[in-house]
Amino acid sequence: MGDGGEEQLFHEESCQQTEMTVEEAIERHIGSLGWSQLVQVLLVSFAWIFDSQNTLVTIFTDAQPSEWRCKAKEACSDGGGGGGVCGLLPATWEWVGGHGSTTIAEWGLICSRKFLAAVPSSLFFIGSLIGSGVYGRLADANLGRKKTVVISCILTSATAFLTSFSSNLYIYALLRFANGFARSGIGICCLVLSTEVVGRKWRGQIGQYGFFFFTVGFLSLPLIAYLSRTSWRNVYRIISILPLPYSLLILLFVSESPRWLLVRGRGGEALDVLNKFARLNGKQLPPNLRLVNPARVLDQVEAVSRRKSLWSTGWAAKRMVMVMVAGFGVGFVYYGIQLNVENLSLSLYLTAAINALMEIPAVFIGSFLLGFSTRRLLFSGSIGLAGVSCIVCIFFSGDRRRREEKSTGSWLQLSIEAIGFMAAALAFNVLYIYCVELFPTKVRNFAVSMLRQALMLGASITPLLVVVGRLNPARSFLIFGLLSVVSGVLGMCLPETKDAPLYETLEQQEEEEKHALRPSNDSGLELELGK
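Residues numbered from 1 in each chain as written. Predicted model: local features only at pLDDT ≥ 70, side-chain atom pairs only at ≥ 80, totals over all residues. Heavy atoms only, no water.

### Some thoughts on the layout of surface pockets
Reasoning step 1: Looking at the second largest pocket, its volume works out to about 340 Å³.
Reasoning step 2: In terms of lining, the second largest pocket is formed by 15 residues, of which the most central are R137, D140, K442, V443 and F446.
Reasoning step 3: At the level of elements, helix 7 (119-141), helix 13 (258-263) and helix 21 (441-471) are the ones that each hand at least two residues to the lining of the second largest pocket.
Reasoning step 4: Looking at which element gives the most residues to the lining of the second largest pocket, the answer is helix 21, with four residues.
Reasoning step 5: Classifying every residue of the lining of the second largest pocket by side-chain character gives eight nonpolar, two polar and five charged. (1 Å grid on protein atoms, 1.4 Å probe; cavity = no way out; pocket = protein on both sides within 12 Å on 5 of 7 lines; lining within 4 Å. Points joined across faces, edges and corners; volume = space filled by probe spheres on them. Helix = DSSP H or I, 4+ residues; strand = E, 2+ residues; numbered from the N terminus. Nonpolar A, V, L, I, M, F, W, Y, C, P; charged D, E, K, R; others polar.)

### Things to note about the packing of aromatic side chains
Reasoning step 1: A full pass over the atoms with the stated rule returns 34 aromatic pairs.
Reasoning step 2: For the ring pair W48 and F214, a centre distance of 6.1 Å and an interplane angle of 75° mean the geometry is edge-to-face. Of this pair, W48 sits in helix 4 (residues 48-56) while F214 sits in helix 10 (residues 203-227), and the two are 166 residues apart along the sequence. Each member of the pair, W48 as well as F214, is classed as buried.
Reasoning step 3: The rings of W48, F124, F125, F211, F214, F218, Y334, Y335, F421, F428 and Y432 are connected pair by pair, giving a single aromatic cluster.
Reasoning step 4: In this structure, R229 is placed above the aromatic ring of Y226, and the distance from its NZ or CZ to the ring centre is 4.1 Å.
Reasoning step 5: Directly above the aromatic system of F165 lies the positively charged group of R237, at a separation of 4.9 Å from the ring centroid. (Phe/Tyr/Trp six-rings, centres within 6.5 Å; stacked < 30°, edge-to-face > 60°. Buried < 20%, exposed > 50% of the residue type's maximum accessible area, 1.4 Å probe, protein only. Lys NZ or Arg CZ within 6 Å of the ring centre and 35° of its normal.)

### A few points about the packing of helix 10 against helix 17 (residues 348-370)
Reasoning step 1: Packing of helix 10 against helix 17 brings their axes to within 9 Å, and their N-to-C directions diverge by 170°. The pairing of helix 10 with helix 17 is recorded here as roughly antiparallel in orientation.
Reasoning step 2: By residue class, the composition of the contact of helix 10 with helix 17 is 18 nonpolar, seven polar and one charged. (Axes fitted to C-alpha atoms, helices over the stretch in contact; angles between N-to-C directions. Parallel < 35°, antiparallel > 145°, perpendicular 65-115°, else oblique.)

### A look at a nonpolar patch on the surface
Reasoning step 1: Residues L248, L249, L251, L252 and F253 make up a contiguous nonpolar surface patch of roughly 500 Å² in combined accessible area.
Reasoning step 2: With respect to the helices and strands, the residue F253 is situated in helix 12 (residues 243-253). (Patch = residues over 30% accessible without salt bridge, like charges linked within 9 Å, V, L, I, M, F, W, Y side chains within 5 Å. Areas by Shrake-Rupley, 256 points an atom, 1.4 Å probe, with all protein chains shown as cover. Salt bridge = Lys/Arg side-chain N within 4 Å of Asp/Glu carboxyl O.)

### Side note on empty space enclosed by the protein
Reasoning step 1: Applying the stated rule across the entire model yields one cavity of 30 Å³ or more.
Reasoning step 2: Approximately 130 Å³ is the volume attributed to the largest cavity.
Reasoning step 3: Lining the largest cavity we find 13 residues, and of these D62, S121, E342, V466 and R470 sit closest to its centre.
Reasoning step 4: When residues of the lining of the largest cavity are traced back to their parent elements, those giving at least two are helix 5 (58-61) and helix 21.
Reasoning step 5: Considering each element in turn, the lining of the largest cavity owes the most residues, four residues, to helix 21.
Reasoning step 6: Across the lining of the largest cavity, the residue classes tally to eight nonpolar, two polar and three charged.

### A short note on unusual backbone geometry
Reasoning step 1: Residues other than glycine seldom take positive phi values, yet C111 does so here, at roughly 55°.
Reasoning step 2: Checked against the element boundaries, C111 lands in the loop between helix 6 (103-107) and helix 7.
Reasoning step 3: Non-glycine residue D499 carries a positive phi angle of around 65°.
Reasoning step 4: Summarising the element assignment, D499 is placed in the loop between helix 22 (473-491) and helix 23 (506-517).

### Quick word on the nonpolar core
Reasoning step 1: Membership of the largest hydrophobic core comes to 118 residues, with the highest contact counts inside it found for A47, I59, L310, Y335, Y432, F439 and V448.
Reasoning step 2: For this core, the element with the highest residue contribution is helix 20 (residues 407-438), accounting for 19 residues.
Reasoning step 3: Apart from the residues lying within four places of it in its own chain, the contact partners of Y335 are T55, L56, F125, R183, F428, M456, A459 and T462.
Reasoning step 4: Counting residues in hydrophobic clusters, the runner-up holds 20 residues, among them V41, W260, L274 and A278. (Core = buried A, V, L, I, M, F, W, Y, C linked by side-chain atoms within 4.5 Å. Contact = heavy atoms within 4.5 Å.)

Structure below.
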């Protein structure tokens, strides 16, 4: 009887289910970062290459050629260079690289038409702004992170290829808008899909891996553009190739986010994904594991919580507004410095390559500092450094001819500008990680998409400033510097998230943050929650 009773007790205990969240399953049984998660992160992050190429390609395709020449000696007196073409008849001169080297050369976007050159890039970022909102909602609600990345890559490839056949400026601008809309889903979902499968210890560093691949894409552009320097159309054709085979790769080898699956009520699929990660890491989940969906638990307690959204939750809405305003400034500065390289009077390919190389230390420095530095201080400090560098660049700015005569000053300005760009890249990367940690799973993709919209809104204005910079470089650097300082100040107003868990719902995060803050500082609660 005694032995039978013990066997029955053992059987009942083994049949009892072990309940835990996805976060707990990863931390306790899978590991914060194992080989399975690392492979997933690398495969997903590869898509950032396409995001970078399609975003920054206009540095070369829409640049103003640096040299022109007279077709006949008697046609004009200036033998080439400078900006005197506006006073000449179109038939008397030509661009040294040929009329098909850039869109400006092919469609004559100079002199009285110079501001038209900014329209395609501005529309690209406006398309990105709209696409960020659409992709963010689709990824959170219906498609999930993985399918959204695949769709975005396929559409990015198609629109880039079609852009190469543009017959005039207006069709080109329309296709750039479509390309911006298409590529906007890549960065949003790749970042979220990467960070949602690792433990809190590695979350910041993993987020930086995607930005490293973004840098690889940026570095590839000077080489592609140089080899295709006589035809801007070939540049678009080359960058449209890889996204298609990559889409097949991600469909076969990348898993959907278990957090998203659980929140959408697909707990069985979420458990399958976690079991796959554990098995590839040489570990095993408890056989009677049951994943807890915080969203469902809280809905049972309080029915009104089902109708809560980011914008109807006071602390989350205020926090989102601060992130977006800061993101507007960061997007303006980060993309503006890159697009403004043509105004540095050195080789366009060289300056773009140096800027791309400066993203590499930004990634590694960011990965290192995220391990022990607070997000708030790291973001505000880096964007503040970018602002100071831009303001210092003002003292080396002047008209193009004077800067060309002072090559030493040009190199010094390039060095300071490169430091500023590295700091802006660091702030750009950290802000993405910061945003992921500031909001719960239920609205995380939407929050990142809203940040992306703010970044793209800032970026959409920069092409106009680049045109202004061709006439007065000091003015563009001054605006870059002032916006950087404003973004840094706003960053100091956000709550700290270092070593905080990733919450699943708005209600859970609000309660957990209140509970964490109440014992030590009740008076600071309202400020930290953004109320």
